[in-house]
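# Inside the fold
One letter stands for each residue in the lines below.
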2 protein chains.
Amino acid sequence: MARTPLRSDLIEEITTRVLDGRLAAGARVNEVHLARELGVSRTPLREALIGLADRGLLVSAPGRGFLVPPFDPDEARRLYPLVAELEALALRWTSPLELAGLPDALDAVADEMAAALESGADLSDVDERWHALLLSRCPNPHLLRLIGQTKPLLKRYESCYFGGAGRAGESIGEHRRIAAALRDGDLPTASAVLVRNWVKALAYLGKDER
Amino acid sequence: MARTPLRSDLIEEITTRVLDGRLAAGARVNEVHLARELGVSRTPLREALIGLADRGLLVSAPGRGFLVPPFDPDEARRLYPLVAELEALALRWTSPLELAGLPDALDAVADEMAAALESGADLSDVDERWHALLLSRCPNPHLLRLIGQTKPLLKRYESCYFGGAGRAGESIGEHRRIAAALRDGDLPTASAVLVRNWVKALAYLGKDER
DNA sequence: TAGCTCTGTTCTGTATGCAATACTGCCGTC
DNA sequence: GACGGCAGTATTGCATACAGAACAGAGCTA
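Residues numbered from 1 in each chain as written. Chains lettered and ligands numbered in written order. Predicted model: local features only at pLDDT ≥ 70, side-chain atom pairs only at ≥ 80, totals over all residues.

This next bit is on the overall build of chain A. Within chain A, the secondary structure is distributed over 10 helices and 3 strands. Scaling as 2.2 N^0.38, a compact globule of 210 residues should have a C-alpha radius of gyration of about 17 Å, and chain A matches this with 19 Å. Considered along the principal axes of its C-alpha atoms, chain A spans approximately 55 × 40 × 30 Å. Across the 210 residues of chain A, 37% fall into the buried class. For chain A, long-range pairs separated by at least 24 residues make up 73% of all intrachain contacts whose partners lie at least 6 apart in sequence. (Helix = DSSP H or I, 4+ residues; strand = E, 2+ residues; numbered from the N terminus. Rg over C-alpha atoms; globule rule 2.2 N^0.38 Å. Buried ≥ 20, exposed ≤ 12 C-beta atoms within 10 Å, placed from the backbone. Contact = placed C-beta atoms within 7 Å.)

Contacts between the two partners involve 24 residues from chain B and, on the opposite side, 24 residues from chain A. Elements represented by at least two residues in the side of chain B that touches chain A include exactly α3 (42-55), α4 (73-92) and α8 (141-158) of chain B. Counting residues per element, the side of chain B that touches chain A draws most heavily on α8(B), which supplies 6 residues. For the side of chain B that touches chain A, the residue count by class is 10 nonpolar, 7 polar and 7 charged. (Nonpolar A, V, L, I, M, F, W, Y, C, P; charged D, E, K, R; others polar.)

All names here are of chain A. Across the sheet, 3 strands lie side by side as β1-β3-β2; this open sheet has antiparallel pairing. Of all strands in the sheet, those bounded by a partner on one side alone are β1 (28-29) and β2 (59-61). Relative to strand β3 (residues 65-67), β1 runs antiparallel, the two being bridged by 2 bridges. Opposite V29, over in β3, you have F66 as the bridge partner. (Pairing = 2+ DSSP bridges.)

Residue and element names in this part refer to chain A. Domain annotation of chain A identifies domain 1 (7-67) and domain 2 (73-204). Here domain 1 and domain 2 have C-alpha centroids that lie 28 Å from each other. Across the boundary between the two partners, domain 1 contributes 6 residues, which contact 5 residues of domain 2. In terms of residue count, helix α1 (residues 6-19) provides more of the side of domain 1 that touches domain 2 than any other element does, 3 residues in total. Grouping the constituent residues of the side of domain 1 that touches domain 2 by class yields 3 nonpolar, 2 polar and 1 charged. (Domains from an automatic or database assignment.)

Looking now at the packing of helix α6 (residues 102-119) of chain A against helix α7 (residues 124-135) of chain A. Residue and element names in this part refer to chain A. Contact pair α6 / α7: the axes reach a minimum separation of 9 Å and the direction vectors enclose 170°. Relative to α7, the element α6 lies roughly antiparallel. Contacts between α6 and α7 involve A105, L106, V109, A110, E112, M113 and A116 on the former and, on the latter, V126, D127, R129, W130, L133 and L134. For the contact of α6 with α7, the class distribution of residues is 10 nonpolar, no polar and 3 charged. (Axes fitted to C-alpha atoms, helices over the stretch in contact; angles between N-to-C directions. Parallel < 35°, antiparallel > 145°, perpendicular 65-115°, else oblique.)

On to the relation of the copies chain B and chain A, then. Turning one copy of the chain about an axis and sliding it along that axis gives the other copy, so a rotation and a shift relate them. With an RMSD of 0.1 Å, chain B superimposes on chain A once it is rotated by 180° and translated 0.1 Å along the axis. Put plainly, the chains are arranged around a two-fold axis. Of the residues that chain B buries at the interface, 96% are likewise interface residues in chain A, meaning the two copies contact each other through the same surface. (Least-squares fit on C-alpha atoms with pLDDT ≥ 70 in both.)

All right, on to the sheet that holds strand β1 (residues 28-29) of chain B then. As summarised here, the arrangement of the 3 strands in space is β1-β3-β2 (chain B), forming an open sheet in which the pairing is antiparallel. With one partner strand each, in any of the chains shown, β1 and β2 (59-61) of chain B form the two edges of the open sheet.

Next up on the list: the UniProt feature "domain: HTH gntR-type" (unreviewed entry) in chain A. UniProt records the feature "domain: HTH gntR-type" (unreviewed entry) for residues 4-71 of chain A in the present numbering. The span residues 4-71 of chain A is 53% helical and 12% strand by assignment, and the distance between its end C-alpha atoms comes to 32 Å. (UniProt positions renumbered as here; feature names shortened; annotations may be inferred.)

Counting 108 residues, the largest nonpolar core has V83(A) and V83(B) as the members making the most contacts within it. When residues no more than four places from it in sequence are discounted, the contact partners of V83(A) are I147(A), T150(A), K151(A), L154(A) and W198(A). (Core = buried A, V, L, I, M, F, W, Y, C linked by C-beta atoms within 7 Å.)

The next thing to look at is the environment of A35(B). All names here are of chain B. When you line up the elements, A35 lands in helix α2 (residues 31-38). Counting along the chain gives 11 residues from A35 to R46, while the straight-line C-alpha distance between them is 9.0 Å. If we skip the residues at most four places from it in the chain, A35 touches V40, S41, R42 and L45.

Attention now goes to the environment of L202(B). Residues and elements named next belong to chain B. Within the element layout of this structure, L202 appears in helix α10 (residues 187-206). In this structure L202 comes out as buried when scored by C-beta crowding, with 20 C-beta atoms within 10 Å. Sequence-distant contacts of L202, that is, excluding residues within four places in its chain, are made with A76, R77 and Y80.

Shown next, in the form of structure tokens:
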């Protein structure tokens with residue numbers, strides 16, 4: 001028996017398919033076709049679909065299966081502040097002791113972002129790593145679970161976020177300011193800048209709606 | 001075909017069994033026995049168990065099925081502030097327009113609580129209704145989903161909360177103060193008292209640990 | 001007596017089967 | 001030409017079946 005349940009892998013795979021649009025917004029999920037395509041039976045596939053529906057990345061229509069929720073600008077406007085507040089909360093609940101050494105590590109990743117920006121590489125992965133690192137010391141697993149569940153929803157809207165190099169540079173600067181504030185033990189500033197970072201991302205997003 | 005999937009009912013039923021201890025903390029869930037007891041097959045039962053594991057009310061041990069997480073005082077100490085902040089956030093994000101009429105309705109429920117306190121009835125249901133009403137106008141469905149997922153976890157620890165009549169009366173007073181602040185349009189005070197309400201509940205909980 | 005191994009059983013994880021609903025296209029009717 | 005009913009298919013939701021891992025206990029060894 002595999003040590004990792006099939007449904008975990010399936011959740012990951014289906015998540016990426018929703019994010020990159022291979023499972024299109026508004027489309028229904030055909031369990032038989034998808035199961036065949038993924039080379040598994042319907043049982044673990046359905047388990048994965050149910051898990052994704054619990055997280056909001058799919059919606060379950062009783063009697064009609066699962067479907068990918070359509071894009072909704074209002075939803076993006078609600079998700080960004082939500083993730084912002086959740087991350088800020090996680091940051092505030094990380095004790096100074098646990099924050100030791102974190103600013104340097106964060107700046108290292110910020111350096112990577114700057115390098116990626118120069119070379120024209122994709123920034124969103126590095127950005128994601130930076131935020132994951134920021135939260136890595138938070139001692140509240142339930143809060144982290146909520147954040148982990150919510151971020152994928154947001155990433156659906158994020159595809160075009162880093163398109164503008166101007167915003168990318170600005171974002172990197174905000175990241176450095178957060179690290180600096182943490183180094184000073186100034187948690188209020190750090191979390192305030194963090195929230196602003198997310199909200200600004202939303203503002204830029206609006207300019208390039210699908 | 002039933003218009004409501006079996007797994008929804010099962011999630012409800014299993015949740016109550018976890019909360020009232022019929023599924024004991026630390027115990028493994030035997031799928032065959034439970035399915036037989038509930039009169040369903042293992043398939044929808046497993047779907048429900050997976051949903052509950054996603055919410056944290058169960059944990060999945062690969063290869064060993066699902067088990068009810070043991071009680072952990074640290075977990076309670078993290079859940080109460082979490083729900084407090086989430087509710088406060090939901091309150092802050094409810095626009096004044098949508099709050100119209102809410103304070104009166106809240107006070108009506110608070111009256112019920114006071115009456116229940118007099119007659120020695122169970123307060124937790126009414127308390128739950130009060131909080132549900134408080135959040136009912138919040139326009140952010142994702143935040144509400146997170147709150148809805150987290151509260152059951154907390155309720156495991158809450159069983160003995162309303163035991164002390166002193167705390168109950170104090171809590172009712174806090175509820176009235178929140179409604180009054182809302183009536184004045186003083187959202188900061190309302191959310192501050194709300195957070196304190198939750199945190200005090202946690203403090204009383206510690207005195208009566210299982 | 002403590003620990004190890006072997007064995008039979010139990011249980012989970014996945015696959016498959018089945019019944020009933022939802023969908024699709026066509027035909028008839030107005 | 002638009003709309004409503006109807007038959008056939010597709011698809012979901014649930015039940016059952018099966019293979020292999022986890023567990024428990026007896027017997028053996030030191």
